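# Coordinate inspection notes
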Amino acid sequence: MFVKNAWYNAGWDYMFTQSQKNGLSQEKGALVARKIAGERVVLYRKPTGQLVVLEDRCPHRQAALSLGQKEGDGIRCLYHGMRFGADGKCNEIPGQETIPERACVRVFPVVEKDNWVWVWMGDPAKADEKLIPHAVGPSDPDWNVKTSQMHVKANYRLEIANLADLTHLAWIHRDTLGAPDLTTRDRYTHIKPKFTMLSHAMRTEYYVRSVPINSFLSHLFPPGMLFDLEFDIMHTLPCTWVLHFRAFVADGKDEGAPTGQLVADTWTSQAVTPCDEDEVDYYYSWGASKVCEFAGLSQLLCDNLDDAFTEDRHVLEAQHVRMKEKPNFPMVDIIHDAGPGKMLWLLDKHLKGEAKEAATVTA
Amino acid sequence: MFVKNAWYNAGWDYMFTQSQKNGLSQEKGALVARKIAGERVVLYRKPTGQLVVLEDRCPHRQAALSLGQKEGDGIRCLYHGMRFGADGKCNEIPGQETIPERACVRVFPVVEKDNWVWVWMGDPAKADEKLIPHAVGPSDPDWNVKTSQMHVKANYRLEIANLADLTHLAWIHRDTLGAPDLTTRDRYTHIKPKFTMLSHAMRTEYYVRSVPINSFLSHLFPPGMLFDLEFDIMHTLPCTWVLHFRAFVADGKDEGAPTGQLVADTWTSQAVTPCDEDEVDYYYSWGASKVCEFAGLSQLLCDNLDDAFTEDRHVLEAQHVRMKEKPNFPMVDIIHDAGPGKMLWLLDKHLKGEAKEAATVTA
Amino acid sequence: MFVKNAWYNAGWDYMFTQSQKNGLSQEKGALVARKIAGERVVLYRKPTGQLVVLEDRCPHRQAALSLGQKEGDGIRCLYHGMRFGADGKCNEIPGQETIPERACVRVFPVVEKDNWVWVWMGDPAKADEKLIPHAVGPSDPDWNVKTSQMHVKANYRLEIANLADLTHLAWIHRDTLGAPDLTTRDRYTHIKPKFTMLSHAMRTEYYVRSVPINSFLSHLFPPGMLFDLEFDIMHTLPCTWVLHFRAFVADGKDEGAPTGQLVADTWTSQAVTPCDEDEVDYYYSWGASKVCEFAGLSQLLCDNLDDAFTEDRHVLEAQHVRMKEKPNFPMVDIIHDAGPGKMLWLLDKHLKGEAKEAATVTA
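Residues numbered from 1 in each chain as written. Chains lettered and ligands numbered in written order. Predicted model: local features only at pLDDT ≥ 70, side-chain atom pairs only at ≥ 80, totals over all residues. Heavy atoms only, no water.

## Section: the interface of chain B and chain A
Interface size, as often reported, equals the accessible area lost upon joining of the parts. Each side of the interface is counted separately: chain B has 31 residues, and chain A has 31 residues. Of the roughly 2800 Å² buried between chain B and chain A, counting both surfaces, carbon and sulfur atoms make up 55%. The largest contributions to the chain B side of the interface with chain A come from Trp171(B), Arg322(B) and Val332(B), which together make up 27% of the buried area. Our enumeration of links across chain B and chain A arrives at 8 salt bridges. Asp56(A) serves as the salt-bridge partner of Arg322(B), at 2.9 Å between the closest nitrogen and oxygen. Our count for the chain B to chain A interface comes out at 21 residue pairs in polar contact (both at pLDDT 80 or more). Listed by contribution, the elements that provide at least two residues to the side of chain B that touches chain A are helix H1 (156-163) and helix H3 (297-325) of chain B. Taken together, the residues that form the side of chain B that touches chain A break down as 14 nonpolar, 8 polar and 9 charged. (Contact = heavy atoms within 4.5 Å. Buried area = accessible area lost by both parts, 1.4 Å probe. Salt bridge = Lys/Arg side-chain N within 4 Å of Asp/Glu carboxyl O. Polar contact = N/O pair within 3.5 Å; in protein donor to acceptor, adjacent residues only side chain to side chain. Helix = DSSP H or I, 4+ residues; strand = E, 2+ residues; numbered from the N terminus. Nonpolar A, V, L, I, M, F, W, Y, C, P; charged D, E, K, R; others polar.)

What follows is the structure, encoded as structure tokens:
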């Protein structure tokens, strides 16, 4: 089950190139096939650079357009040569005079923003760019953002739950994103975030005060040095997760905004795109402000996400297998389900809303 | 869905050897397992060389006879040693005096013709050798035929449609079997073949006049040289496709049989065998007449089929995946569906005929 | 379908180590995941060495406990840090004061005996150690036992049938466990064992008299030398198979206990554990008495099992595929089905007994 009227992430802008090579030659980036929310789509750039997203399925006999070739603003299926414009309409059937009106391919709205490519999988009339989450991309001049990606064989609801509660940093990620010592781990698990529910998103804010820096950064600072960590997360449907993370020299207080020196000012932007019910594509970045960055910090941040998300991948894939084996297993709720519960409630609300709307249209 | 009363191709005669090694030793060619139209069969040669085809399934507990060993005219299951004659009847159960009448294996009629091995998957009483398509095999003294094979993960109906219309040479195969220039490709897509429907086959005939030679042969002739190409295809159910292809020096005329010098006189014989609904074995050959061949032409022809059918394989496998995802996708017909439509109509006619017959027998 | 109230083998004791490394680090032996009779379990040792078996599924959201870490007598799930005692009860939820009563993991009775680890998959109240089959393990001071294992993609009923009738030694295993000559193979197939049915097991006893030694041992003895072979097998539900195999210099008699010199005195202990309906884990050992062993015999015995069970694996996996394709294929029974028939009858009796009991409890 996927929300249709939503922006789904298809990766970074640099993944889609101006190459004119055809799909059979498999040149990277010219025609990019993706599976998003159960639909196969093909993405390519017009000569102007503008992106086009079409269903990756020729209306003739379902050949893959991503095995075709770009021609001007359009695309040609290389099976029987049918050519389609960027509007999805067939404008040539080689050897045939007339073109049936039904010979068209579904077009999906697409927007580039903050170096990310966003595809709208529902009713184009409802595609509202304002719904695209804010992010900080690799070409932002103020931030030194590095990017990476991962494919995970798990349902995207497990990723939502994973991202909506960071207390698990204390456990899976204790050697990476988490804390090197038991006391700090205990602090992480006692976080009481401030949740703010929006129509399509949840904002989560909290501080962790007077703790050592995260494990993967601890070699950079003197032993015993303490920090105030600030987390400000916007988690948007279906599953985009953007965190403004800052570390300050601890000011010794327990409450209020940190007043110590700002040591690291970073943004991490993460998008989970469900391919289908069993797999996701995960695009993520992390980078530090150029104002207070020191050499190599941003690459260190992003490389660490590769390590941490590999830890998550093992856990989520095993969890996915088990959930498919026992879909009716009675589960026990704990305090850390607050965040995941809210985000999944929001997702289900939108899913139900769309189901109700579809039922009304049909009736 | 497969037509039962039909000859299916199991490969070339040289694939089935006289070796006496047993199946567990996996010696190539002694006992050959195939999956044809959903049935598992084992093929082997008697000491006389005569081929035998049995269901690859011991009547005791379904062990694979192809893991057994040849003994005289028969085969022994190596699980409990039950021995079967070439007539499928059990003639020894080691340690047991009497042999139950039911202890027999299904026998399939088999015929070797033109170096091809044909298995009849239906009622043996109806096996009519006259239904075997004509082909030109590697041991034909007049032709220099080379052979190859491919496994494709697609339903055989997609292969039928692919072979029943050659206008796609202009697109997928433009760098191999097709034409190097746009004008010629346009000519290919305007072909109006002469179709002749027979009870089990469709004959397709046409000329392409005053065009450059096919892309993969273009390095052999002077630039600008033009040819008249003659196609004469017999496409037989379930899916055998035999083409007599000739290239003449262009005589400048637009109609009638070409009168220029015969440059290449070739036969290609191709058989698509459905393993099940999702996979086919594809056996194909191509060769030139010894009269007008020049060194290496036949090997060039057959090697080029490997390239071209790899192009097809990518397209058909992606198409197969998409058709399984959306079996009810509304498809748009185009002019080039004429040939595929006729062949699939013929296939469906035979399928319905057999279904009706089966219903009558049951009632 | 699996008998629940039964001991299933989880491997040898040495597979489960005292390591304290956590599951994410994948250290061999600290936390061992197994799939037994359709259930996922995790096995580990307490500091005392005592084994614990829990369902490999956190009650919170089904994360794999085998990716967690050992802590004292218990285990901690590394997703959100929930800690469980060896009794399966949650004793810590980091960040949460109260612990719901339902927050517990299923515990399975486990027993080590003869170096084997046995897990009871049913009602713990019914776990009776007396039901554990006798075996001779690698640490038995009187026997020089070597161990090995194999994973087979076949239903465990096929393994039961395979082990319950050894006449197949004459065929699949003629170059390994079987006989090098036709006469002896014929003798093997005429064996009339003495079967004794017990409540949970079948004992099978027989002699093969005045025959050459098994193929894989024939290089050790003078050509023409004859032996009396004694087989005494205890085959226990679900599928443990222990054979006391002895070879004597042939005494020339046809009946009664052999009176010739004891040449080889050996025990082989074999356990087939169904993972699910399609796969089994197979743990086996073979070893000779230290009294009459010569150098290398025990390793030769066990290595030969690897060879012989690879022969079986090919046959059973092909059989499994065929049985799934044609579940209603009418099968023919033969004389050698006596042993398999009795063991499968015993299995089905227990399966029906448990089904009846479950129905009574429900009603």
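## As for the interface of chain C and chain B
In this complex, chain C contributes 31 residues to the contact, which on the side of chain B involves 31 residues. Each partner contributes to the roughly 2900 Å² buried at the junction of chain C and chain B, and carbon and sulfur atoms together form 54% of this total. Three residues stand out in chain C for area buried against chain B, namely Trp171(C), Arg322(C) and Val332(C), and they jointly supply 27% of the buried area on that side. On the surface where chain C and chain B come into contact, there are 8 salt bridges. Taking the shortest distance from any N to any O, the salt bridge between Arg61(B) and Asp337(C) comes out at 3.4 Å. Linking chain C with chain B are 21 residue pairs in polar contact (both at pLDDT 80 or more), by the criterion used here. Sorting the residues of the side of chain C that touches chain B by element identifies helix H1 (156-163) and helix H3 (297-325) of chain C as the ones contributing at least two each. The element that contributes the greatest number of residues to the side of chain C that touches chain B is H3(C), accounting for 10 residues. The residue inventory of the side of chain C that touches chain B, partitioned by class, reads 14 nonpolar, 8 polar and 9 charged.

## With respect to unusual backbone geometry
With an omega dihedral of -10°, the bond running from Leu237(B) to Pro238(B) counts as a cis peptide bond. One can find Pro238(B) in the loop between strand E15 (227-236) and strand E16 (240-249). For Asn115(A), which is not glycine, the phi dihedral falls at a positive 70°. On the secondary structure map, Asn115(A) appears in the loop between strand E10 (110-113) and strand E11 (116-120). Of the residues examined, Asn115(A) reaches a relative accessible area of 13% and is grouped as buried. Even without being glycine, Asp114(B) reaches a positive phi, approximately 55°. With respect to the helices and strands, Asp114(B) occurs in the loop between strand E10 (110-113) and strand E11 (116-120). (Buried < 20%, exposed > 50% of the residue type's maximum accessible area, 1.4 Å probe, protein only.)

## Examining the pattern of salt bridges
For the structure on display, the rule yields 81 salt bridges over all chains. Note that Arg83(B) and Glu71(B) form a salt bridge whose closest N and O atoms lie 3.8 Å from each other. Highlighted residues: Arg83(B) in strand E7 (residues 83-84) and Glu71(B) in strand E5 (residues 69-71), separated in sequence by 12 residues. Looking at Arg83(B), the relative accessible area reads 25%, which means it is partly exposed. Notably, a salt bridge pairs Lys130(B) with Asp128(B), separated by 3.8 Å at the nearest N-O pair. Taking the relative accessible area as the measure of exposure, Lys130(B) reaches 74% and is therefore exposed. Look at Asp128(B) and you get partly exposed, because its relative accessible area is 28%. Via salt bridges that share partners, Lys35(A), Glu39(A), Arg40(A), Glu55(A), Arg57(A), Asp276(A), Glu325(B) and Lys326(B) belong to a single interconnected network.

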